[in-house]
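# Results of the structural survey
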Amino acid sequence: MLQELDIEGYAVVDRLRVEFHSGLNLLTGETGSGKSIVVDSLALLFGARASADVVRAGASKARVCGRFECPPDVAAQLPSEDGDGDSQDDELILERHVLASGKSRAYINGSPATLAQLRQLAAHIGDIHGQHEQQTLLSAAAQLRMVDVYAGLGDQASAVRAAHQKWTQCTQALSQVKGDEQERLHRLDLLRYQSEELFRAALVAGEDEVLGQEQKLLANAEDLRTSAFAAFDSLYDSSESASTRIKSASADLEQIAHIDRSLAELAQRLEEARATVDDVAFELQAYLGRIEADPARLEEVEERLAALDRLKRKYGPSLPEVLAFQHRVDEELALLDSSDQQIEALERVVEEAAADYARRAQELSGARRKGAKALAAQTRAELRDLALPKAEFAVAIDTIDTWTETGTDRAGILFSANPGQPARPLGQVASGGELSRVALALKTVLQAATEHGEHRRTYVFDEIDAGVGGGVAEAIGRRLGQLSRQSQILCVTHLPQIACFADAHFHVSKSDDSSQTTATVRHLSASERVGEVARMLSGAEVSEAALANAKELLRAYAPAPS
């Protein structure tokens, strides 16, 4: 729902800010006063193409900003915010800048956006119906959704969508398994070669680290033996070894400890140190027994390490990655080797999914045809009260060859405003005013058919009253009022019979100075509405009779308090 529209440097608008109400918002004013500026600027926020012509003379750019109430389902489609924290979860801010060069920039909640993103959001938050804007009313997809909403086919449509997704997934899986037969055979040859090579290698996790350590020991066996023997000799074996010296010192301390008992502890600690030195010496002696040069084993280890390095260069920079690659190769090989069985199984699944989709789509198509007839009949009845008494209106449901997630149907609204003329696609034959009235009729019927509507959307009707008056205008006003109970309505009108139904009445006017013309929009008070309705009734000269008539109209048609 549109809460506020801020326009700057646009056409004859210098700076304009309008706060709209949730119900029926009417814009009135003299012909040429600039009422369409509000509609056109809102169309920019909904993704319409921009032109440098809209930039006010002397301005560097035109700026339009709209603040909308943002329902949860719309919020989920918004681009991620930049973290500035300015916007709220329940608020949507759309903005367009049109530069004097003709270039245009769009923003959603402060983040740069594309026109496609604006149009995607517009499909959920509002629609414009006027002389030049057709939007979703002429969309085949939207017309199909209208039938589904009217006939209450939401669950069936969802089931068809799910069935289509399953059929699509199964078909893709089958295509992937089948693939190109020649390509599959080539792939099999490569996988078998890789699998055999890796199998023969008999890889063991971590063996490269173990072998690397062993290779280092074997390559330095003589140095290790020399150093270890020298250490053993120094610790234990020589006449001047550490063990011998400590033993001698310990004996000296024990001798004098009989005189000074405080040295007994030191003597004990020396004995413990000698025991530690002897333990280390004995372990070195055992180590010397294990160390020997083994050129044959060294060559074997180095060959194995070289083989592992070759595999790492081919299949992964590390042994764990080579092992992971081997696992993937074996899995894919098993998949391709068993593809015949898989193909048969998947073909059965695809057949079942296709049969389920076809059945559901056919049932949905039948229900749509019934719903389309009833929708068309009720819409024709509405159009009779909207100055289109002879209009032909039908919703054709045609079968298409393609399977889509919405089924196998294409909807098309056929329309003829004049008797004797065959009904043709709505967009080809309806004028802007007729389009607006068709839209109003459809939305009235759809609102009556749904107990709980969608979130409050914004519908804009421009020139909906073209070529009508009197009782027909009253009927249009009543229907706009009914529709505004569920959706926000912005309507540009020239007829007092429609203006009287407004929840909020805005007057658009232009003022001239010596250099420029400026348009303003003002929310009318109750007393000001009387004067505006009287002007709409009688013209520039407002008579007492016109004022009295205006008061009576407002009293008779004013919406009841909610």
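Criteria and thresholds
Residues numbered from 1 in each chain as written. Predicted model: local features only at pLDDT ≥ 70, side-chain atom pairs only at ≥ 80, totals over all residues. Heavy atoms only, no water. Pairing = 2+ DSSP bridges. Helix = DSSP H or I, 4+ residues; strand = E, 2+ residues; numbered from the N terminus. Axes fitted to C-alpha atoms, helices over the stretch in contact; angles between N-to-C directions. Contact = heavy atoms within 4.5 Å. Phe/Tyr/Trp six-rings, centres within 6.5 Å; stacked < 30°, edge-to-face > 60°. Buried < 20%, exposed > 50% of the residue type's maximum accessible area, 1.4 Å probe, protein only. Polar contact = N/O pair within 3.5 Å; in protein donor to acceptor, adjacent residues only side chain to side chain. Expected span 1.5 Å × (residues − 1). Arc of directions from axis to C-beta.

What follows is about the sheet that holds strand β14 (residues 504-512). Spatial ordering of the open sheet is given by β8-β12-β13-β3-β14-β15, a layout of 6 strands whose pairing is mixed. The two strands at the open ends of the sheet, each matched to only one other strand, are β8 (126-129) and β15 (517-523). Taking the axes of each pair of neighbouring strands and ignoring which way they run, one obtains an average angle of 15° across the sheet. Strand direction decides the pairing type here: strand β3 (residues 24-28) and β14, joined by 4 bridges, are parallel. When the sheet's bridge partners are listed, Leu 27 is paired in β14 with Phe 506. Running at roughly 150° to strand β13 (residues 488-492), helix α16 (residues 470-483) makes contact with β3, β12 (458-462) and β13 of the sheet.

What follows concerns the packing of aromatic side chains. A full pass over the atoms with the stated rule returns 8 aromatic pairs. Pairing Trp 167 with Tyr 357 gives two aromatic rings, centres 6.4 Å apart and planes at 20°, and the pair type is stacked. Taken together, the residues Trp 167 in helix α5 (residues 154-178) and Tyr 357 in helix α13 (residues 339-384) connect sequence positions 190 residues apart. The class of Trp 167 is partly exposed, set by a relative accessible area of 21%. A relative accessible area of 0% places Tyr 357 in the buried class. An angle of 20° between the planes, with centres 4.8 Å apart, marks the rings of Tyr 315 and Phe 325 as stacked. Of the two residues, Tyr 315 is situated in helix α11 (residues 295-315) and Phe 325 in helix α12 (residues 319-337); the sequence distance between them amounts to 10 residues.

Turning our attention to the pairing of strand β2 (residues 13-19). Two strands pair when backbone bridges link them, and strand β1 (residues 2-10) and β2 are joined in this way by 6 bridges, in the antiparallel orientation. From the neighbouring strand, Glu 4 faces β2, where its bridge partner is Glu 19.

For the rest of this paragraph, the subject is the side chain of His 507. Its location among the elements puts His 507 in strand β14. At 3.4 Å, the side chain of His 507 and the side chain of Glu 532 are in polar contact. Every residue in contact with His 507, bar those within four places of it in the chain, is listed here: Thr 28, Gly 29, Thr 520, Val 521, Arg 522, Leu 524 and Glu 532.

With 14 residues, helix α19 (residues 544-557) ought to run about 20 Å at 1.5 Å a step, and its terminal C-alpha atoms sit 20 Å apart, in line with that. Within α19, burial applies to Ala 546, Ala 550, Leu 553, Leu 554 and Tyr 557. One face of α19 carries all of its buried residues, which in axial projection span an arc of 95°. The exposed residues of α19 that point more than 90 degrees off its buried face are Glu 544, Ala 545 and Arg 555. Tucked into the core, α19 has its buried residues touching α16, α17 (496-499) and α18 (526-538).

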